[in-house]
Amino acid sequence: MEDLKKLVEDCRRETGDVIWAQSTYRDENEQKTVFDRRVQKYIDMGNSKEEAEKLAATVTSRPGTSEHHIGLAVDFNYAETEFENTAAFKWLTENAHKYGFILRYPKGKESITGIMYEPWHFRYVGREHAEVIKSKGFCLEEYIVYLIHQVQN
């Protein structure tokens, strides 16, 4: 995708920081592996399988429901919370919308998205939508509600 390539190039050039797309498209089998590993981690911590699956679903999407599966998501660098302390992340939060991307799971929106804060996870929504989401401080779920209200009025 040209927008992603340009975003990475511009971020590198403007920040001098290291940034790369660590994970983009994942097929359903790969997502199942990611999800199952997270479930096992929670089981190993003493949770029941049911509890572990609920906890895992707040961190990674269930197979068949991941934005990576539809090819619109990108995880940057090592997909770790520490990414928020980099110049690349700061640049992304200020500029990603210009390339059609949004921070998909922002801090403080966990109760709306159902997913924990993920500073590494960005979603392509297109420039027009990303501009509105950024300007209004929405997460994607809030933007969808906003669009529905716009259509109804």
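Here is what the cut-offs are and how they apply
- Residues numbered from 1 in each chain as written.
- Predicted model: local features only at pLDDT ≥ 70, side-chain atom pairs only at ≥ 80, totals over all residues.
- Heavy atoms only, no water.
- Helix = DSSP H or I, 4+ residues; strand = E, 2+ residues; numbered from the N terminus.
- Rg over C-alpha atoms; globule rule 2.2 N^0.38 Å.
- Buried < 20%, exposed > 50% of the residue type's maximum accessible area, 1.4 Å probe, protein only.
- Areas by Shrake-Rupley, 256 points an atom, 1.4 Å probe, with all protein chains shown as cover.
- Lys, Arg positive; Asp, Glu negative; His and termini not counted.
- Charge placed at Lys NZ, Arg CZ, Asp CG, Glu CD.
- Phe/Tyr/Trp six-rings, centres within 6.5 Å; stacked < 30°, edge-to-face > 60°.
- Pairing = 2+ DSSP bridges.
- Core = buried A, V, L, I, M, F, W, Y, C linked by side-chain atoms within 4.5 Å.
- Contact = heavy atoms within 4.5 Å.
- Salt bridge = Lys/Arg side-chain N within 4 Å of Asp/Glu carboxyl O.

Scanning the chain from terminus to terminus reveals seven helices and four strands. Relative to its length of 153 residues, the chain is compact, with a C-alpha radius of gyration of 16 Å against a globular reference of 15 Å. Over its C-alpha atoms, taken along the principal directions, the chain stretches across nearly 45 × 45 × 25 Å. Looking at the 153 residues of the chain, the share that counts as buried comes to 39%. Here the chain has roughly 8,700 Å² of accessible surface; of this, 51% comes from carbon and sulfur atoms. The chain carries 21 positive and 26 negative side-chain charges, and their two centres are separated by 2 Å.

Glancing now at the packing of aromatic side chains. Counting across every chain of the model gives seven aromatic pairs. Plain terms: the ring middles of Phe76 and Phe83 are 6.4 Å apart, the flat faces sit at 20 degrees to each other, and that makes the pair stacked. Overall, the relative accessible area of 1% leaves Phe76 in the buried class. One aromatic cluster is present, formed by Phe76, Phe83, Phe89 and Phe122 through successive ring pairs.

Moving on, we come to the pairing of strand E2 (residues 73–76). Burial along E2 is two-sided: Ala73 and Asp75 and Val74 and Phe76, pointing in opposite directions, are all buried. For strand E1 (residues 21–23) and E2, the ladder comprises two bridges, and the chain directions are antiparallel. When the sheet's bridge partners are listed, Ser23 is paired in E2 with Asp75. In terms of strand pairing, E2 meets strand E4 (residues 118–124) through three bridges, oriented antiparallel. Residue pairing across strands places Ala73 opposite Arg123, the latter belonging to E4.

Counting 19 residues, the largest nonpolar core has Leu7, Ile19, Phe76, Phe83, Leu92, Phe101 and Phe122 as the members making the most contacts within it. In this structure, Ile19 is in contact with Val8, Cys11, Arg12, Phe76, Asn77, Phe83, Ala88 and Leu92, ignoring residues within four places of it in sequence.

Here we come to the pattern of salt bridges. Close approach of charged atoms allows side chains of opposite charge to pair. One pass over the structure, following the stated rule, counts 13 salt bridges. Between Arg13 and Asp10 there is a salt bridge, with its nearest N and O atoms 2.8 Å apart. Residue Arg13 and its partner Asp10 are both found in helix H1 (residues 2–15); the two are separated by three residues, about one turn of the helix. On the basis of relative accessibility, which here comes to 57%, the residue Arg13 falls in the exposed class. Across the pair Arg13 and Glu14 runs a salt bridge, and its minimum N-O distance is 3.5 Å. The class of Glu14 is partly exposed, set by a relative accessible area of 48%. Salt bridges here are not isolated pairs; linked through shared partners, they connect Lys6, Asp10, Arg13 and Glu14.

Note that every value here comes from positions in space, so none of it alone points to a role or purpose.
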